[in-house]
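Listed below, chain by chain, are the residues.
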2 protein chains.
Amino acid sequence: MNKFSVIITAGGIGKRMGGDLPKQFLELNNLPMLMHTLRIFHDFDPSAQLILTLPAEWQEYWATLCAKHQFNLPHQVVDGGKERYHSIQNALNYCQGDYVAIHDGVRPFVDQKTLMNCWNGVQEFGAVIPVLDLKESLRKVGENESNSVNRSEFRIVQTPQCFKKDILLVAYQKSFHEGITDDASLVEEAGYAIHLVEGNEQNIKITTPTDLRFADFLLRS
Amino acid sequence: MNKFSVIITAGGIGKRMGGDLPKQFLELNNLPMLMHTLRIFHDFDPSAQLILTLPAEWQEYWATLCAKHQFNLPHQVVDGGKERYHSIQNALNYCQGDYVAIHDGVRPFVDQKTLMNCWNGVQEFGAVIPVLDLKESLRKVGENESNSVNRSEFRIVQTPQCFKKDILLVAYQKSFHEGITDDASLVEEAGYAIHLVEGNEQNIKITTPTDLRFADFLLRS
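Residues numbered from 1 in each chain as written. Chains lettered and ligands numbered in written order. Predicted model: local features only at pLDDT ≥ 70, side-chain atom pairs only at ≥ 80, totals over all residues. Heavy atoms only, no water.

**Points about the packing of helix H1 (residues 33-44) of chain B against helix H2 (residues 59-68) of chain B**
Residue and element names in this part refer to chain B. Closest axis-to-axis distance for the H1/H2 pair is 11 Å, and the angle between their directions is 75°. Between H1 and H2, the interaxial angle falls into the category roughly perpendicular. For the pair H1 and H2, the contacting residues are Leu34, Met35 and Leu38 in the first and Trp62, Leu65 and Cys66 in the second. Class assignment for the residues of the contact of H1 with H2 results in six nonpolar, no polar and no charged. (Axes fitted to C-alpha atoms, helices over the stretch in contact; angles between N-to-C directions. Helix = DSSP H or I, 4+ residues; strand = E, 2+ residues; numbered from the N terminus. Parallel < 35°, antiparallel > 145°, perpendicular 65-115°, else oblique. Contact = heavy atoms within 4.5 Å. Nonpolar A, V, L, I, M, F, W, Y, C, P; charged D, E, K, R; others polar.)

Below is the structure:
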């Protein structure tokens, strides 16, 4: 019996990275980023069900990578959809846990403390996301102007975003529309409150060549 | 005749870094961070007047560092004040340029393109700051709740923040109050519009040990 299901999303085509290979396959310290990410969740909760959403056209390549790196960690690969929303909606069909954690495949540095905060928090509150304070000033831009806002009133949102499965199923009954940026906003639209827990600074989303260099540096040092 | 004056602020006591030495003195690739920062502005605009605000109790140490590293770049050291606001207010007394750029000493990775955007922009618009899009979702927190906001309506604010000197002098006539987070917000309060230009991703504010390690890595590689 799995209490937690973890959906690792790896649908992005990595336009910002400039290469042809989707960024989730890029290697950090000689191992594809996604394998680091899967490993972290397994190490934290070996009973968690790991589900990887991958575009159909990349699944054979992933199998080749797993063979090459002798990556034997149990995980299911399911089809990614057109948008992140569709990938999660599909992955939800396979979740056996009472709780579901949804995590960006390109965040291989989530730490055990953040996962502990999330796992504990979701069992108490039903919907939990890890966040961080902003280190820099923030402005709101309009059509013709921009204004400073008080950064202490804002938080940067990370993943894994964790929910009681029943809540997530209700939220994902809503059809896709523009403006869904993360699962929390969808769950919120469905009428549930989101509880915030502390994330970790190194839990960056690797989307640019600078991020990738930093990630490689962190893993080697 | 200097057209631009650059105020480099180095007043922070670096609480977040955990060490006793203020972070602006920490070395990147064997050279104190502040020297990298000063060098970048000099390389971009050799005619710029460089003014460094330093707490009085650290000025002798700075002189020792300059001797040790044979750092001969012309710059003036002026007293930093209790808050960043007071440091700038004091430094303004020494500015000879028609335009003033105010830059965090702990941002040694501002690039030539960002500086070009700022130098060109301020001469056209009078008040310019470099900004970046957010890569991650954003939430606004209230006393008892939090809500997702549309991150595409927000920008991360960097430095140098650049102003026509006359505008800055008017803005700094206002007395200090809580909630001044950057020069742009002060200039805005004085009734001037702020023009946004594109910053650069590596222009991070070095405030944590992780930032420092990454910065050191960037400079060495």
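**A word on the environment of Tyr172(B)**
All names here are of chain B. With respect to the element layout, Tyr172 can be found in the loop between helix H5 (165-171) and helix H6 (183-189). On the basis of relative accessible area, Tyr172 is assigned to the buried category, the value being 4%. Residues Tyr172 and Glu198, spaced 26 residues apart in sequence, show a C-alpha to C-alpha distance of 25 Å. Contact partners of Tyr172, with chain neighbours within four places excluded, come to Arg84, Tyr85, Ile88, Gln89, Leu92, Asp183 and Leu186. Within polar-contact distance, the side chain of Tyr172 engages the side chain of Asp183 at 2.5 Å. (Buried < 20%, exposed > 50% of the residue type's maximum accessible area, 1.4 Å probe, protein only. Polar contact = N/O pair within 3.5 Å; in protein donor to acceptor, adjacent residues only side chain to side chain.)

**A short note on the pattern of salt bridges**
Evaluated as defined, the whole model comprises 22 salt bridges over all chains. Between Arg139(B) and Glu188(A) there is a salt bridge whose closest N-O contact spans 2.5 Å. Taken together, the residues Arg139(B) in strand S8 (residues 138-141) and Glu188(A) in helix H6 (residues 183-189) connect one chain to another. Accessibility expressed as a relative area gives 18% for Glu188(A), which makes it buried. The salt bridge partner of Asp133(B) is Arg155(B), with a shortest N-O separation of 3.3 Å. Here the residue Asp133(B) occupies a position in strand S7 (residues 127-133), and Arg155(B) occupies one in strand S10 (residues 154-157), the gap between them amounting to 22 residues. Here Asp133(B) falls in the exposed class, since its relative accessible area comes to 55%. Each of the salt bridges in this network shares a partner with another, and the network as a whole consists of Arg84(A), Asp104(A), Arg107(A), Asp183(A) and Glu136(B). (Salt bridge = Lys/Arg side-chain N within 4 Å of Asp/Glu carboxyl O.)

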